[in-house]
There are 2 protein chains.
Amino acid sequence: MDIMNNVENVKTQMRRGVLEYCILSILSKKDSYASSILSELKDARMIVVEGTIYPLLIRQKNQGLLTYRWEESPQGPPRKYYQITDKGRRALEEMDSAWQEIVETIRLLRDK
Amino acid sequence: MDIMNNVENVKTQMRRGVLEYCILSILSKKDSYASSILSELKDARMIVVEGTIYPLLIRQKNQGLLTYRWEESPQGPPRKYYQITDKGRRALEEMDSAWQEIVETIRLLRDK
DNA sequence: TTTATTACCTTGTATCACAAAGTATACAAA
DNA sequence: TTTGTATACTTTGTGATACAAGGTAATAAA
C-alpha cells in the first residue's frame, strides 16, 4: 500500500475525531443549515460529505445539543436551520478542554 | 443522555484519530512491544485497550510501517518487539504535517 | 499443582463515515 | 409545458474498526 494511502487514512480518522466539535463550534457563532455547514467545513479543509453530516446533525439534535427550525430559502427547497442549545454550549466547553488536553498529550509524545 | 456522556464519546473519537500516529511516534524513539506501548499510552491518558492495539499493530505491520522480532522476557512469555521501518518514518513525518494542519484548522474555527 | 503475572491473540457487537441513490423544491430556458 | 439546473434534505448498504470479553500460553513463586 502506498504511503500516502496510510496518511490519507489517518488524516480521515483525525478529522472524524473532531467533526462533532467543529459543528458545535460553527453553530455556536450563528445558526446554520447542513449544506452551509458543509461548505464551511470544506473551505477549512475539513473534508466531509452529505452522508456524514446529516446523520451527525440528527444525532446531536437527539442528544439535545441542537434544535432546528425550517426556513424558506431564496431559491430551492426550505432549509433546516440548526441552533445550538445551552446544553450544546456546555458540551462545547467540555470539548474545548478535551481538545486542549489531546493537543498537549501529542505535543509531549512527539517532543520527548 | 448526560452531557458528560457526549463529551466522553467525543474524547474517545478524538483519541481514535491519533492512535496510529501515537504508536508510530512511540516506536520512532525505541523498539517496544504491545503491553509496554499500552502502558505508555495509558500514562499519557490516551486510553486504549488490548483489543484495540493488537489488531492495529498488525495492520501497521501489514502496511510495511513496522517490522517485529521475538525476544525472551525476563519473566513470562516472549515479547513481540516492534520496530519502525523507513516507510514508517516517512509516514510519521506526513502525519506530523497532517496533525499540525488539523490543529491549525481547529484554532481558526474556534477563534474566528 | 495451584496461583499470579505477564503477554499475545481472537471473536462478536456496535458504531459510524462514506458512496451512492433517492426525494423534493424553485426557477429559468426551451 | 417540459426540461434542465441548482439547491437541499434523507436513506440505504458497505466496510472499517474500537471495544468488551474471553482464550491461550510461558514463567516463577507459593
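Before reading further, recall that the structure is shown in the block above.
A quick note: this is a predicted structure, and the numbers were derived from the prediction, not measured.

Q: Give me the lowdown on the side chain of B:Thr105, citing residues and values where you can.
A: The topology assignment puts B:Thr105 in helix H4 (residues 86-111). Given the relative accessible area of 8%, B:Thr105 is considered buried. Leaving out residues up to four positions away in the same chain, B:Thr105 has contacts with A:Ala44 and A:Met46.

Q: Outline the sheet that holds strand S1 (residues 32-33) of chain A, listing residues and values.
A: Residues and elements named next belong to chain A. Judged by pairing direction, the sheet is antiparallel, and its 3 strands sit side by side in the order S1-S3-S2 without closing on themselves. Lying at the two open borders of the sheet, with one neighbouring strand each, are S1 and strand S2 (66-71). Summarising the sheet, S1 and strand S3 (residues 79-84) pair through 2 bridges and their orientation is antiparallel. Within S3, the position partnered with serine 32 by the bridge is tyrosine 82. On top of the sheet, helix H1 (residues 3-29) reaches S1, S2 and S3; it is set at about 90° to S3, its chief contact.

Q: Give me the lowdown on the pattern of salt bridges, citing residues and values where you can.
A: Scanning the model with the defined rule gives 14 salt bridges over all chains in all. Residue B:Arg45 pairs with A:Glu101 through a salt bridge whose shortest N-O separation is 3.6 Å. Placement of the pair is B:Arg45 in the loop between helix H2 (34-43) and helix H3 (50-62) and A:Glu101 in helix H4 (residues 86-111), with the two residues belonging to separate chains. Take B:Arg45: its relative accessible area is 53%, and that puts it in the exposed class. Using a relative accessible area of 28% as the deciding quantity, one classes A:Glu101 as partly exposed. Close ionic contact of A:Arg107 with A:Asp111 constitutes a salt bridge, the shortest N to O distance being 3.2 Å. One end of the pair, A:Arg107, and the other, A:Asp111, are both in helix H4, 4 residues apart, so they sit about a helical turn from each other. Linked by salt bridges that have partners in common, A:Asp31, A:Arg69 and A:Glu71 make up one network.

Q: Got a sec to walk through the relation of the copies chain B and chain A? Specific residues and values, please.
A: It takes a turn of 180° to lay chain B on chain A, together with a shift of 0.0 Å along the axis; the resulting RMSD is 0.1 Å. In short, the pair behaves as if placed about a two-fold rotation axis. Closest approach to the rotation axis within chain B is made by the C-alpha atom of B:Gly17, at a distance of 2.7 Å. When the interface residues of chain B are mapped onto chain A, 100% of them again lie at the interface, so the same face is used by both copies.

Cut-off values and rules
- Residues numbered from 1 in each chain as written.
- Chains lettered and ligands numbered in written order.
- Predicted model: local features only at pLDDT ≥ 70, side-chain atom pairs only at ≥ 80, totals over all residues.
- Heavy atoms only, no water.
- Helix = DSSP H or I, 4+ residues; strand = E, 2+ residues; numbered from the N terminus.
- Buried < 20%, exposed > 50% of the residue type's maximum accessible area, 1.4 Å probe, protein only.
- Contact = heavy atoms within 4.5 Å.
- Pairing = 2+ DSSP bridges.
- Axes fitted to C-alpha atoms, helices over the stretch in contact; angles between N-to-C directions.
- Salt bridge = Lys/Arg side-chain N within 4 Å of Asp/Glu carboxyl O.
- Least-squares fit on C-alpha atoms with pLDDT ≥ 70 in both.

Coordinates in, geometry out; function isn't part of it.
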